[in-house]
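Next come the chains, spelled out residue by residue.
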Amino acid sequence: MRRALSPLLFATASLSVLAAGSAPAWAQDQPANTNPQNDDNIVTDTMPESDADATLPADDTPREEIVVTGTRIRTSQYDFANPVVSVDSSAIQNAGTTNLTNFLADIPSLVGSFDANSGSGSQAGIGFVGLNLLNLRNLGTARTLVLVDGRRHVSAVPGSSSVDVNTIPIDLIDRVDVLTGGASAIYGADAVTGVVNFVTKRKFEGINIRAQAGITEQGDAANQFVSFVAGKNFAGGRGNLALSLEYGHDDPLHPRQRRYLRNSPGFAENPDDINADGSPDNPNIPDRLPVTDIRYFDSAPNSGIDVDLDLYPDFLGNGLPFNPGTYIGSIFCTGCSGTPVSTYQGEILPQSDRYVANLLFNFDVTDRVNVYAQGKYARVDSASFGQPTYDFTVLVTPENPFLPANVRTAIENGDGIGIVNRDNLDIGGRGERNRRETYRGVLGLTAELTDRIDLDMSYVYGRSDSTVRQTNTRFNDRFLAAVDVITDPATGQPTCRSNLQPIGNSDQPYYNFFTGFSFGDFDQLSFTPGPNSGCIPFNLFSEQQAPGAIDWLVTDAVDRSRIEQHVVSGSVSGDFGETLALWGGPIGFAVGAEYRKERSESNPDPVNTTGLTFGNALFPETGQYSVKEVFGELRVPIAANKPGFYDLSLNGAVRLSDYSTVGTTTTWQVSGVYAPVPDVRFRGTYSQAVRAPNIGELFGPQNQTFEFIDDPCAFDRLDNGTEFRAANCQTLLSGLGLTPAQIAAFDGDTGVSIAGTSGGNRNLREETAKTITAGLVLRPSFLRGFSASVDYYDVKIQNAVSQSSAENIANLCVDQPTLDNVFCDAITRNPSTNAGFPGAISGFVVQPENVAQFRTSGWDIAANYRTTLGRLGNLNLRAVGNILDKLEFIATPGGDIENSRNLAGAPRHQVNTDVTWAYDKFQINWGMNYFSKTRVLSYNLEESEPDYYPKEFLRYSARFTHDFQLSMNVSDRMSFYGGVNNAFNQKPDFPQTFYPVGAQGRYFYAGARVNFGAF
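Numbering of residues starts from 1 in each chain and follows the order in which that chain's sequence is written. In keeping with the model being predicted, local features are shown solely for residues with a pLDDT of at least 70 and side-chain atom pairs are shown and tallied solely at 80 or more, while totals for entire chains, interfaces and linings include all residues. To obtain the side-chain values, all non-hydrogen atoms of the structure were included, while hydrogens and water were left out.

Asks: Explanation requested: the state of the cysteines in the structure shown.
Replies: Here a disulfide denotes one covalent bond, and it connects the sulfur atoms of two cysteines. For the purposes of this analysis, a disulfide is any pair of cysteine sulfur atoms at a distance within 2.5 Å. Applying the stated criterion to the full structure yields four disulfides. Through a disulfide, cysteine 496 is tied to cysteine 535; the S-S separation comes to 2.1 Å. A torsion of -85 degrees about the S-S bond marks the disulfide between cysteine 496 and cysteine 535 as left-handed. Note that cysteine 496 is positioned in strand E23 (residues 494-496) and cysteine 535 in the loop between strand E25 (517-518) and helix H9 (549-553), a separation of 39 residues in sequence. We call a residue buried when its accessible area falls under 20% of the maximum for its residue type, exposed when it is over 50%, and partly exposed in between, using a 1.4 Å probe and counting protein chains only. Using a relative accessible area of 7% as the deciding quantity, one classes cysteine 535 as buried. Here cysteine 713 connects covalently by a disulfide to cysteine 729, the sulfurs 2.1 Å from one another. On the sign convention where negative is left-handed, the bridge of cysteine 713 and cysteine 729, at about -80 degrees about the S-S bond, is left-handed. Here cysteine 713 is found in the loop between strand E34 (703-707) and helix H12 (725-735), whereas its partner cysteine 729 is found in helix H12, with 16 residues between them in sequence. You can call cysteine 713 buried: its relative accessible area is 2%. Here a strand is any run of E in DSSP of at least two residues, a helix any run of H or I of at least four, and the numbering for each starts at the N terminus.

Asks: I tried to follow the pairing of strand E19 (residues 418-423) on my own but got confused; where do I start?
Replies: The side chains of a regular strand alternate, residue by residue, between the two faces of the sheet. Most of E19 is tucked away, with six of its six residues classed as buried. Because side chains alternate across E19, one face comprises the buried residues Gly418, Val420 and Arg422, and the other comprises Ile419, Asn421 and Asp423, equally buried. Only strands that DSSP links by at least two bridges are regarded as paired with each other. By the bridge criterion, three bridges tie strand E12 (residues 304-306) to E19 in an arrangement that is antiparallel. Within E19, the residue paired with aspartate 306 across the bridge is isoleucine 419. Bridge count for strand E18 (residues 390-396) against E19 is five bridges, and the pairing is antiparallel.

Asks: Teacher, can you tell me more about the sheet that holds strand E15 (residues 332-334) here?
Replies: To summarise the sheet geometry, strands pair through backbone hydrogen bonds and adopt either a parallel or an antiparallel arrangement. Strand order across the open sheet formed by three strands is E11-E15-E14, with antiparallel pairing between neighbours. Unpaired on one side and paired on the other, strand E11 (294-296) and strand E14 (326-327) mark the two borders of the sheet. Here E14 runs beside E15; their pairing, made up of two bridges, is antiparallel. Paired with threonine 326 across the strands is threonine 334, a residue of E15.

Asks: What am I meant to see in the pairing of strand E44 (residues 922-931) here?
Replies: In this sheet, E44 lies alongside strand E43 (residues 909-919) in antiparallel orientation, the contact comprising ten bridges. Looking at the pairing, asparagine 912 lines up with asparagine 929 of E44. Relative to strand E47 (residues 959-969), E44 runs antiparallel, the two sharing ten bridges. From the neighbouring strand, tryptophan 926 faces E47, where its bridge partner is phenylalanine 964.

Asks: Can you help me understand the packing of H12 against helix H14 (residues 806-815) in this one?
Replies: The description of two packed helices rests on the angle between their axes and on the distance between the axes. Contact pair H12 / H14: the axes reach a minimum separation of 8 Å and the direction vectors enclose 95 degrees. Put simply, H12 runs roughly perpendicular to H14. On H14, the residues that touch Arg725, Asn728, Cys729 and Leu732 of H12 are Asn811, Cys813, Val814 and Asp815. The classification used treats Ala, Val, Leu, Ile, Met, Phe, Trp, Tyr, Cys and Pro as nonpolar, Asp, Glu, Lys and Arg as charged, and all other residues, Gly among them, as polar. A breakdown of the residues in the contact of H12 with H14 according to their chemical character gives four nonpolar, two polar and two charged. Axis lines are fitted to C-alpha atoms, over the contacting stretch for helices. Their N-to-C directions set the angle, which ranges from 0 to 180 degrees. For classification, angles of less than 35 degrees are called roughly parallel, those exceeding 145 degrees roughly antiparallel, those between 65 and 115 degrees roughly perpendicular, and all remaining angles oblique. It only takes one pair of heavy atoms within 4.5 Å for two residues to be counted as in contact.

Asks: Got a minute to help me understand a nonpolar patch on the surface in this structure?
Replies: The patches reported here contain residues having more than 30% relative accessible area and no salt bridge. Joining distances are 9 Å for like charges and 5 Å for nonpolar side chains (Val, Leu, Ile, Met, Phe, Trp, Tyr). Residue burial considers only the protein chains on display, and all accessible areas are found by Shrake-Rupley using a 1.4 Å probe. One speaks of a salt bridge when a side-chain nitrogen belonging to Lys or Arg is within 4 Å of a carboxyl oxygen belonging to Asp or Glu. Together, Leu869, Leu872, Trp917, Tyr919, Phe922, Ile924, Leu966, Met968, Val970 and Phe976 make up an exposed nonpolar region whose accessible area comes to about 860 Å². Only E43, E44 and E47 provide two or more residues apiece to the nonpolar patch. Mapped onto the secondary structure, leucine 966 falls in strand E47.

Asks: Looking at this model, I keep getting lost on the packing of aromatic side chains. Mind explaining?
Replies: The way to describe two aromatic rings as a pair is by their centre distance and the angle between their planes. Working definition: rings of Phe, Tyr and Trp (its six-membered ring) pair if their centres are within 6.5 Å, and the pair is stacked with planes under 30 degrees apart, edge-to-face with planes over 60 apart, and tilted otherwise. In this structure the tally under the stated criterion is 32 aromatic pairs. When the centroid spacing of 5.6 Å and the interplanar angle of 55 degrees are considered together, the rings of phenylalanine 645 and tyrosine 674 count as tilted. Here phenylalanine 645 is found in strand E31 (residues 645-659), whereas its partner tyrosine 674 is found in strand E32 (residues 663-677), with 29 residues between them in sequence. Looking at phenylalanine 645, the relative accessible area reads 36%, which means it is partly exposed. Taken together, the aromatic side chains of Phe267, Tyr948, Tyr949, Phe953 and Phe990 make up a single cluster linked through ring pairs. The criterion for a charge sitting over a ring is simple: Lys NZ or Arg CZ within 6 Å of the ring centre, and within 35 degrees of the ring normal. In this structure, arginine 463 packs its charged tip against the face of tyrosine 439, placed 4.5 Å from the ring centre. One Lys or Arg, arginine 474, reaches over the ring of phenylalanine 479 and ends 3.9 Å from the middle of that ring.

Asks: Is there a simple way to think about the sheet that holds strand E39 (residues 841-846) in this case?
Replies: Spatially, four strands are ordered E34-E35-E39-E38 in an open sheet, and the strand pairing comes out mixed. For this open sheet the edge positions go to E34 and strand E38 (827-829), each flanked by a neighbour on one side alone. Adjacent strand axes in the sheet meet at a mean angle of 25 degrees, parallel and antiparallel pairs treated alike. Taken together, the three bridges between E38 and E39 define a ladder with antiparallel strand orientation.

Asks: Honestly, the environment of serine 89 in this entry has me stumped. Any pointers?
Replies: Tracing the backbone through its elements, the reader meets serine 89 in helix H1 (residues 89-94). On a C-alpha basis, the gap between serine 89 and arginine 175 in space is 5.4 Å, while along the polypeptide they are 86 residues apart. Excluding its chain neighbours within four sequence positions, the residues that come into contact with serine 89 are Ile173, Asp174 and Lys201.

Asks: How should I be thinking about the nonpolar core in this particular structure?
Replies: A general trend in soluble globular proteins is that nonpolar side chains are found buried together. To qualify as a nonpolar core, a set must consist of buried Ala, Val, Leu, Ile, Met, Phe, Trp, Tyr and Cys residues joined through side-chain atoms within 4.5 Å. If you look at the biggest cluster of nonpolar residues, it comprises 37 residues, and the most contacted ones within it are Ile709, Ile797, Phe823, Phe844 and Phe854. Where this core is concerned, the elements lending two or more residues are H12, strand E37 (786-802), H14, helix H15 (822-825), E39, strand E40 (849-868) and strand E41 (874-890). Take this core: its biggest share by element is six residues, from H14. Sequence-distant contacts of phenylalanine 823, defined by excluding residues within four places in its chain, comprise Ile809, Leu812, Cys813, Val851, Ala891 and Thr892.

Asks: Teacher, can you tell me more about the pattern of salt bridges here?
Replies: Considering all chains together, one arrives at 42 salt bridges under this definition. Ionic pairing is found between arginine 878 and aspartate 88, a salt bridge with its closest N-O pair at 3.8 Å. In this pair, arginine 878 is assigned in strand E41 and aspartate 88 in strand E1 (residues 84-88), connecting sequence segments 790 residues apart. Both residues of the pair, arginine 878 and aspartate 88, count as buried. A salt bridge links arginine 935 to glutamate 942; the shortest N-O distance between them is 3.0 Å.

Asks: So what exactly am I meant to see when it comes to the side chain of serine 184 here?
Replies: Along the polypeptide, serine 184 turns up in helix H3 (residues 184-187). Ignoring anything within four residues of it in the chain, the contact list for serine 184 reads Ala191, Val192, Arg655, Thr667, Ala689 and Val690.

Asks: Looking at this structure, how should I read unusual backbone geometry?
Replies: Only a minority of non-glycine residues have a phi that is not negative, and only a minority of peptide bonds are not trans. The omega torsion across phenylalanine 990 and proline 991 is -5 degrees, close enough to zero to call that bond cis. Structurally, proline 991 can be placed in the loop between strand E48 (974-981) and strand E49 (1003-1012). With an omega of 5 degrees, the peptide bond running from tyrosine 995 to proline 996 counts as cis. Structurally, the position occupied by proline 996 is in the loop between E48 and E49. One non-glycine residue with positive phi stands out, namely lysine 203, at about 50 degrees. Locating lysine 203 in the fold gives a position in the loop between strand E5 (194-200) and strand E6 (206-216). The backbone of leucine 309 sits at a positive phi, close to 60 degrees, despite the residue not being glycine. The residue leucine 309 is located in the loop between E12 and strand E13 (315-316) in this model.

Shown next, in the form of structure tokens:
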């Protein structure tokens, strides 16, 4: 999907040229000045232009003083020191986008955002289906502050400050400003990496209707979008009331809908890469080879049955032999009878229905006093399905009447029991049907206290209610009761043992090693055993179940949460006039105070708190905090319009905060601008930002979780980490009592997922970031309409709050210089006395810690050229790019650097271009999105194992997509448009589903706009 970018805030050619006096109008649509060289289709916007964009008029007319994102002082956009990338409404409309995050993620600084692909199927965490979250500089959604009109917006994620961009109305957006450094002093916590500010339109009069529909070339992943805006002036133009309504729908997409994903692509261990002594890794032969038809080696939809207890299936549920095919390492095989991976995974795009209503009110009480109010209701319904339930090592005896006769005979002739591994596709994929409702109200007042001093006061209330309906949630106790099938002596028919023997007995044979439960081990049950329990026998060995059998096993678990936000703020800004002025003019100032209270409460369904359901036991979470803040800014114009000093100014800001959780913090910023001549401008900032831990990080309960962990101390993984891993593993395992022979053969594989806990940490402190930016802006007078900027940035976060997966924690434990670290404290292992798996990981604790350091640096580049072509119309060319120098993570102070630069999602080079040509009633737009090739493997792994994959698979392809749109104004009131995104149909790289592009492929859309004047 095209994501056209505008680093400069010049409006492109209008898509709908309307007759004067008859068209609906936003207040922002009125031009600030008239340039005789401008065509009527080009509007010079009065809103602040981006960092490289501030244009001084060609003559000596005064520059308009406005408030820009990143400061509260009214100033010329040309004087602003911070780098800002702005995307205007025309660029959004030219993209044909109906998903703002998918569009904004192509801004280089937002490339790592949580988009529709991230919030779907198995890749979405519990409660995250359908969310769209912004992530600046790849440093985390928690460090990205999202504002609407410079004010905070309530979160959609319990326990966090992350704003769901789905709640932002697309057709109300005037522009989106992305400020990527030094914003905490202005806006407070969570702005460690910057701010994304959605600036909305105001004071609309008339009616505007837009409708759009799109579909992929293959006839799927369709979407529809409709918006309606109506506004009316009253009281002689002093007041305005406007209503905005939007609806959007997106169809889901499943891997089976793409041929290249249906064949289960992936990599397999190379059987030729084995040395004579059995150890792997011939450096001249790839360790792994690309294969298709990847399946799970030990399970099937109708069961893989192991009768000789060697952990490899011997039969399928229908009695046919289980074909082992070729084992390809870990838990996979190819050409075997196991469950195909492609049928097992979930959707890659969710279904979504989005309803957003906004009511806007403005009233000029006097010429100097304005009161305003905004009300919003947003509802987002999303649904997606992931993996089904699965069961490993379930014991089965010959008593089960569903057993095929030949399998029963094999079990009777063996140890008298068999082991069943099953992927329960017949029960259905576990999924979520979520409803998120957002309520937001703003009351405010602005006043000109004097000709030089302004007052701004506001109160914001936000509430987000979330209902997460986990579908196909299976009761473990019912499942174990239903698969423990015997023959009813009275009827001769299969029945649940619990129907005849209602008293639980831990010696009953149906034991699941994976969950660690037999039916009799549950402290409480979700049903009452006995003849009237409702238990219907479940046939493990077939995919066709008796009527009602599946319905009795599953339920919908409904988790509910509520987030509330109160923000009261006020500021006074202006300048001191001639009372306190320098050679460049009066000193500007802003001072203010803010009080904010955040509260988050999550209540899981009771069935999820008992541990009776398949998955993790969840517990309620409640937390809140408040913060009182005072802040101030100064702008000191040292010189202006002097030889060699066309402009020289310094700026400073400071914010003092008192949190109810972490106490007092201080953030500050200093910046400066120097322009020796009007054509060249230098700028720079240095700032300290802080982020207090959020509610989830502090107060999250210790929830149960399960993870598969590839043990870093396994003999074949010792070379896949740092230089410390091998020695640390030797010390660790020997300390558990393992012999040298056991250590040499240690593989760490238990065959099951490992139980652990995940929760918050009330001992967390704030994290601190230092940010430097330095840049150059060029606006050559000899090339009218051209501007460009280059900015260097460096962000370093210390004492950072970091929470890793259990897999990462296990790796970090042994990859540090010593074993004396918080990660080893979070991992437990079996002693040598463990009969089954000595030395193996047996548990873990996942919680956030103030241990990490993040650092990123690079170069942002932007350029714009706008010109008229005489009778051939108008041309606008825009480009924005990034060169990423560093993206580093240090897990513990003094630890090794993990470099993420040039890994998937963090490309070294990015460029986005946008070209718009407007002629008469037509407009053509071309957008190009490029980022460079990225590594498949981590630096450590590729350095230690350069032959891990064949050379041609060590890099993901560059992204290089092209999008086109054609629009036509058929009348003063109506326009049509249509376009194609990913026009040359670039596909994901083997074996990815949405990298470097999504699986949608070539995508077509068409739409229409209808406008009516004042009514």
